[in-house]
Amino acid sequence: MSSDKSIKPELVLASSSPRRKELIALLGLPVTVMPSGASEETPEDWTPRQIVEELSLRKALAVQQEMKADIPSDSSIIIGSDTIVVLDDVIMGKPRDEQDAFHMLSQLSGKAHEVYTGVSCVRASDSRSVTSHRVTKVRMRPLSEAQISRYVATGEPMDKAGAYGIQEIGALLVEAIEGDYFNVVGLPVSLVAILLEQFEVTVP
Ligand SMILES: Cc1cn([C@H]2C[C@H](O)[C@@H](COP(=O)(O)OP(=O)(O)OP(=O)(O)O)O2)c(=O)[nH]c1=O
């Protein structure tokens, strides 16, 4: 056994997502949750990669600014994340209302799309940041209008990009995925582990 000289910091999850909270626990480090009030507005001409990377950094930096009011622990690392669904050149965030959810699911029906998730880690003490993203391909089975209506009526789509949750009833709509499942759920945990290595933080 080698001696463990790695740093064990506190993680601060800059998110209100219950899925991200559950997933980050897999890293086995102490976690505090501080939802970020950062704006999710982006310019029309940004690429999917730009959107998820910039927004994840924006969310983490907003929480870092808030933490300055408290006494920041030097070893705290703030983690921000953002997920979008991309169908050809259509970018889908969370639906505005049930009608929007129905429209998104009608577009996704019977086709493959990409889920982009950005992750940003910001060190509280000096604002050093590392940011990256992952892409997962998801193919949905063809859905009838009645099936989409019934799914929308469950209320599940409303807080999720692309109006579905692969980890819940939305699993029944998905035919195949290619890539990181956790990326679709909203936090690619192995990418978080890779980014944390940049701060000499090792996790199992
Ligand atoms: C595609 C898909 C998305 N999602 C979720 C992940 C994200 O929580 C959400 C996309 O919205 P985001 O804006 O990425 O995140 P959020 O508003 O839920 O939380 P915060 O900004 O505070 O971190 O969609 C699923 O839970 N399952 C899925 O299958």
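Scope of this entry: the structure provided in the associated data block. Here the structure is a predicted model, which is why all the values come from computation and not from measurement.

With that settled, consider the nonpolar core. Counting residues in hydrophobic clusters, the biggest one holds 48 residues, and the most contacted among them are Ala 14, Ile 77, Ile 78, Ile 79, Ile 84 and Leu 105. It is helix H2 (residues 48-67) that contributes the most residues to this core, seven residues altogether. The contacts of Leu 105, once residues within four sequence positions are left out, are Leu 143, Ile 148, Tyr 151, Ala 163 and Tyr 164.

What follows is about the environment of Ile 91. Mapped onto the fold, Ile 91 is located in strand E4 (residues 90-92). Through-space distance from the C-alpha of Ile 91 to that of Ala 161 is 9.4 Å; in sequence the pair is 70 residues apart.

Contact geometry of helix H3 (residues 98-108) with helix H4 (residues 145-153) gives a least axis separation of 10 Å together with a crossing angle of 135 degrees. Regarding the angle of H3 to H4, the classification is oblique. With respect to the hand of their crossing, H3 and H4 are arranged in right-handed fashion. The residues of H4 that touch H3, namely those facing Glu 98, Ala 101, Phe 102, Leu 105 and Ser 106, are Ile 148, Ser 149, Tyr 151 and Val 152.

The next subject is H2. Under the 1.5 Å per step criterion, the end-to-end length of H2 is 29 Å for 20 residues, consistent within 8% with the ideal 28 Å. As for H2, its buried residues are in contact with strand E1 (11-13), strand E3 (77-87), E4, strand E5 (112-123) and strand E6 (129-140).

So, on to the site of the ligand. In the vicinity of the ligand lie 26 residues, with Ser 15, Ser 16, Ser 17, Ile 166 and Gly 186 positioned nearest. Contributions of two or more residues to the shell around the ligand are made by helix H1 (18-24), E3 and helix H5 (181-185). The element best represented in the shell around the ligand is E3, accounting for four residues. Each residue belonging to the shell around the ligand can be placed in one class, and the counts come to eight nonpolar, 10 polar and eight charged.

Thresholds applied
Residues numbered from 1 in each chain as written. Predicted model: local features only at pLDDT ≥ 70, side-chain atom pairs only at ≥ 80, totals over all residues. Core = buried A, V, L, I, M, F, W, Y, C linked by C-beta atoms within 7 Å. Buried ≥ 20, exposed ≤ 12 C-beta atoms within 10 Å, placed from the backbone. Helix = DSSP H or I, 4+ residues; strand = E, 2+ residues; numbered from the N terminus. Contact = placed C-beta atoms within 7 Å. Axes fitted to C-alpha atoms, helices over the stretch in contact; angles between N-to-C directions. Parallel < 35°, antiparallel > 145°, perpendicular 65-115°, else oblique. Left-handed = near helix turned anticlockwise from the far one by under 90°. Expected span 1.5 Å × (residues − 1). Near = placed C-beta within 6 Å. Nonpolar A, V, L, I, M, F, W, Y, C, P; charged D, E, K, R; others polar.

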